[in-house]
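Spelled out from the first residue to the last, the chains are:
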Amino acid sequence: MKKTIRDVDVSGRRVLVRADLNVPIKQGRILDDLRLRAAAPTLRYLRESGAKVIVCSHLGNPNGAVIEALRLDPVAERLADILDHEVLKTDDCVGPEAVTASSALKTGEIVVLENTRFHPGEGANDSGFSSRLAGLAEIFVNDAFASAHRAHASTVGVARWLPAVAGQLMEKEISILQRTMARPLHPFLAVLGGAGISEKIDILERLLPKLDTVLLGGALATTFMKAKGLPVGQSIFDRESLDTARRILGRAADKIVLPRDVVIQETPAENGRHRTVAAEAVPPEGRIVDIGSHTADDMTRLLSKAGMVIWNGPLGVCERSAFATGTEIIARVIAELRAVTVVGGGDSVKMVSSLRLGNDISHISTGGGAFLEFLAGHTLPAIASLLDA
Ligand code: 3PG
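Along each chain, numbering runs from 1 in the same order as the chain's sequence is written. Local features in a predicted model are, by the rule used here, given only for residues with pLDDT of at least 70; side-chain atom pairs are given and counted only at 80 or more, and totals for whole chains, interfaces and linings are based on all residues. Side-chain numbers come from the whole structure's heavy atoms, not from hydrogens or water.

In this description a helix means any DSSP run of H or I spanning at least four residues, a strand means any run of E spanning at least two, and both kinds are numbered starting from the N terminus. Secondary structure summary: the protein contains 14 helices and 17 strands in total. In terms of overall size, the protein behaves like a compact globule, its C-alpha atoms giving a radius of gyration of 22 Å where 389 residues would be expected to give roughly 21 Å. For each residue, the accessible area found with a 1.4 Å probe, counting protein chains only, is set against the maximum for its type, and the residue is called buried under 20%, exposed over 50%, and partly exposed in between. Evaluated residue by residue, the protein yields a buried proportion of 56% over its 389 residues. Partitioning the intrachain contacts of the protein with sequence separation of at least 6 by distance along the chain shows that 73% fall at a separation of at least 24. Surface accessibility follows the Shrake-Rupley procedure with a 1.4 Å probe radius. Residue values consider only the protein chains on display as shielding. Carbon and sulfur atoms provide 48% of the accessible area of the protein, an area that totals close to 16400 Å². Within these notes, the globule rule equals 2.2 Å times the number of residues to the 0.38 power, and the radius of gyration is based on C-alpha atoms. What makes two residues a contact is simply this: any of their non-hydrogen atoms within 4.5 Å.

What follows is the structure, given as structure tokens:
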């Protein structure tokens, strides 16, 4: 149990809030504001409790450099709409402008600081950088569940310098996901896909003892297909993860469901032809871009019997509508289940939102990597650094 904002008196105090405002933005336009809406309750609570609210976050991965397209201005504007209140914005997260803006804040005012990852000290969890950030405030509220697996200056470092408590979103995510894993309802299924194979395969290995069945798609499935000796043509897979995939198949092949048919696109991609082939028949010039219809039927059948389902990652190249069919089918099936359903990760959540299925999912997590690591039982460093209750 960790302390939360309810355990501290924030009235009249400068409060540094680490939120995860890392939302997809294309040409200045926010494509999905789930994380901003999820951050709002804590900001509202602090404002209404008389705090002076200083919000920080990363956006994208600028790796210590200033990248104009990764400034938080559109995020601050959208937050102002969501909160229906003025939101100030600074062009740096530390230094004279940030110091002046934070010390000039009046009770109930909110300022969003610039992208913390514009500074190399953020990713390096540099103590000089975290003490400069912490110096802007008197209390630290960490509400960035989606970044809780990163031991960065703004997630872990500042907790060394300030009393650090969980925000409402952090508290909610922890309690729902903890409950989910404490008493899983069987059959307990996971649907895993998308990129970040090496991280996901490690997590899959840790989760496996708790799961009854794992349905795999995307490059994660391709890595297992390759590990089984199936031809994968030009498809993306992770060579480094092949041994882990073989080990998992050796121990629990009966739990792993791989595609039995796949949609392939023939390379070069510009020629654009695509067709469905059996999993054993991917041609040397083919690239797997989606699950096939027989696989979608298999997965639907298995899902319909589930007591609980967790889903992270698309089953195909779902940013191309022609290859989003498998992911779309699975999203609709999951939404129709009477089982407890928990979805996390950018592309899966985006699919659920774009099909307007959000109300039919038991819990939509704001986390991607953090969601999976938490479910696998890892200690997330940013949660560990909060004050114990
Ligand atoms: C996410 O999108 O999962 C979080 O914002 C963390 O981002 P990162 O993977 O770039 O650290």
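Read on for the rest.
What follows is about the packing of aromatic side chains. Working definition: rings of Phe, Tyr and Trp (its six-membered ring) pair if their centres are within 6.5 Å, and the pair is stacked with planes under 30 degrees apart, edge-to-face with planes over 60 apart, and tilted otherwise. This model, assessed by the stated rule, comprises 1 aromatic pair. Each ring, one from Phe145 and one from Phe374, has its centre 6.0 Å from the other, and the planes form 70°; the classification is edge-to-face. With Phe145 in the loop between strand S7 (139-142) and strand S8 (164-166) and Phe374 in helix H13 (residues 369-375), the pair connects residues that are 229 residues apart, well separated along the chain. For the pair formed by Phe145 and Phe374, the shared burial category is buried.

For soluble globular proteins, nonpolar side chains are generally found buried alongside one another. Residues belong to a common nonpolar core when they are buried Ala, Val, Leu, Ile, Met, Phe, Trp, Tyr or Cys residues joined through side-chain atoms within 4.5 Å. Leu113, Phe145, Val214, Leu216, Phe224 and Ile256 are the most contacted members of the largest nonpolar core, which totals 75 residues. Among residues more than four places away in sequence, those in contact with Leu113 are Leu16, Ile54, Val55, Cys56, Leu72, Thr90, Asp92, Cys93, Ala98, Leu133 and Leu136. In terms of nonpolar packing, the next biggest core, distinct from the first, is built from 31 residues, Val75, Leu83, Val87 and Ile110 among them.

The topology assignment puts Asn312 in strand S15 (residues 308-312). By relative accessible area, Asn312 is classed as buried at 4%. Polar contacts here mean pairs of N or O atoms no more than 3.5 Å apart (in protein, one a potential hydrogen donor and the other a potential acceptor; neighbouring residues in sequence count only if both atoms are side-chain atoms). At 3.2 Å, the side chain of Asn312 forms a polar contact with the side chain of Lys200. Within the structure, Asn312 has its side chain in polar contact with the backbone oxygen of Gly344 (distance 3.1 Å). Excluding residues that lie within four positions of it along the chain, Asn312 makes contacts with Val191, Leu192, Gly193, Lys200, Gly344, Gly345, Ser348, Gly368, Phe371 and Leu372.

Okay, helix H5 (residues 127-134) next. Here H5 has its buried residues at Phe129, Ser130, Leu133 and Ala134. Taken around the axis of H5, the buried residues stretch over an arc of 135°, which confines them to a single face. Buried-residue contacts for H5 involve strand S1 (14-18) and helix H4 (120-123). Capping of H5 at its N-terminal end is provided by Asp126; its side-chain oxygen lies 3.2 Å from the backbone amide nitrogen of Gly128. The arc in question is formed by the directions pointing from the helix axis toward the C-beta atoms.

The subject of this paragraph is the sheet that holds strand S11 (residues 256-257). If you trace the 6 strands from one edge of the open sheet to the other, you get S11-S10-S9-S15-S16-S17, paired in parallel fashion. The outermost strands of the open sheet, each flanked by one partner alone, are S11 and strand S17 (363-364). The rule for pairing is simple: two strands pair if DSSP sees at least two bridges between them. The sheet contact formed by strand S16 (residues 340-344) and S17 spans 2 bridges and is parallel. When the sheet's bridge partners are listed, Val343 is paired in S17 with Ile364.

Moving on to the sheet that holds strand S12 (residues 261-266). The strand order across the open sheet formed by 3 strands is S13-S12-S14, and the pairing between neighbours is antiparallel. Lying at the two open borders of the sheet, with one neighbouring strand each, are strand S13 (274-278) and strand S14 (286-291). The average angle at which neighbouring strand axes cross in this sheet is 40°, direction not considered. Bridging between S12 and S13 involves 5 bridges; their strand directions are antiparallel. Bridging across to S13, Val262 finds its partner in Val277. Across the sheet, helix H10 (residues 293-303) lies against S12 and S14, angled at about 35° from S14, the strand it touches most. Between N-to-C directions, angles cover 0 to 180 degrees, with each direction set by a line fitted to C-alpha atoms, over the stretch in contact for helices.

Time to look at the pairing of S15. Looking along a regular strand, one sees the side chains alternate between the two faces of the sheet. Counting buried positions along S15 yields 5 of 5 residues, so the element is predominantly enclosed. Of the two faces of S15, the one carrying Met308, Ile310 and Asn312 and the one carrying Val309 and Trp311 are both buried. Strand direction decides the pairing type here: strand S9 (residues 188-192) and S15, joined by 5 bridges, are parallel. Pairing of Leu189 across the sheet is with Val309, part of S15. Direction of pairing for S15 relative to S16: parallel, over a ladder of 5 bridges. Residue pairing across strands places Trp311 opposite Val343, the latter belonging to S16. By definition, the crossover connecting two strands over a helix is right-handed if that path, from the first strand to the second, turns clockwise as seen with the strands pointing away from the viewer. Taken together, S15, helix H11 (residues 325-336) and S16 form a β-α-β motif whose crossover is right-handed.

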